[in-house]
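Architecture and fold: a report
Here is how the chains run, residue by residue.
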Amino acid sequence: MDNEQEQNNSGASETESDKPKVNQKIAKKVKDKSKKHKRKIVFYYSFLTFVLLFCIIQVGFSVILNTSKTIAYIGKIKTMNKVRDEAEQRNKDLKNDIKLFSKASSLEEIARNNLKMAGNKEVLVIINNPQPSQDQDKKKDKKKNKKNDKEN
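Just so you know, these numbers come straight off a predicted model, no measurement behind them.

On to the overall build of the chain. For the chain, the count of helices and strands is 3 helices and 0 strands. Secondary structure elements in the chain, listed N-terminal to C-terminal, are α-α-α. Out of the 152 residues in the chain, the part that is buried amounts to 1%. When the accessible surface of the chain is split by element, carbon and sulfur atoms take 58% of a total near 15,300 Å².

Below, the structure written as structure tokens:
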């Protein structure tokens, strides 16, 4: 019996000594699983962080681009309004000129001054002042150049 008790004690001691090993294995598996889970979570959060940063950068560039386009369009609108106002003013001036030139007295004045025309029972005298032609100017320049060359 003593042998049996020893065997039972030794068997019990083996199972008791096996328990810590089993517990260690289970603890190790749990730790490995928790480490893997933590790595997955870290990777997942890192990925989400990069995606969110990319989205924020895209939104920032879009805001800057749209703001600059808006400013450019406002400037174009101002210049177009200015051109329109100038065109309207010019149209008014031209309409006034048409009214003035449609009168007979203004037409006669234009004919006399610009077109060198005379009225009925009038004599037109034109005095021409001789102006040097371009050919004469070129000849004078050549003569000056020849004189300058001889002096040098």
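Picking up after the structure, the text goes on.
Another aspect to go through is the packing of aromatic side chains. Each aromatic ring pair is specified by the distance between its two centres and by the angle formed by the two planes. In the structure shown here, the tally under the stated rule is 1 aromatic pair. Considering the side-chain rings of Y44 and Y45, the 5.9 Å spacing of their centres and the 50° angle between planes classify their relative orientation as tilted.

To continue, consider a nonpolar patch on the surface. Taken together, the side chains of I41, F43, Y44, Y45, F47, L48 and V51 present a nonpolar region at the surface, about 710 Å² in accessible area. Among the structural elements, Y45 can be located in helix α1 (residues 2-101). Accessibility expressed as a relative area gives 53% for Y45, which makes it exposed.

In the structure shown here, the tally under the stated rule is 2 salt bridges. Of the charged contacts, one joins D85 and R84 as a salt bridge, the two residues approaching to 3.2 Å between their closest N and O atoms. Residue classification places R84 among the partly exposed residues on the basis of a relative accessible area of 43%. For E88, the salt bridge identified is with R84, shortest N-O distance 3.8 Å. Residue E88 and its partner R84 are located together in helix α1, separated by 4 residues, close to a single helical turn. Judged by its relative accessible area of 41%, E88 falls in the partly exposed class. What you see here is one network of salt bridges that share partners, running through R84, D85 and E88.

Rules used throughout
Residues numbered from 1 in each chain as written. Predicted model: local features only at pLDDT ≥ 70, side-chain atom pairs only at ≥ 80, totals over all residues. Heavy atoms only, no water. Helix = DSSP H or I, 4+ residues; strand = E, 2+ residues; numbered from the N terminus. Buried < 20%, exposed > 50% of the residue type's maximum accessible area, 1.4 Å probe, protein only. Areas by Shrake-Rupley, 256 points an atom, 1.4 Å probe, with all protein chains shown as cover. Phe/Tyr/Trp six-rings, centres within 6.5 Å; stacked < 30°, edge-to-face > 60°. Patch = residues over 30% accessible without salt bridge, like charges linked within 9 Å, V, L, I, M, F, W, Y side chains within 5 Å. Salt bridge = Lys/Arg side-chain N within 4 Å of Asp/Glu carboxyl O.

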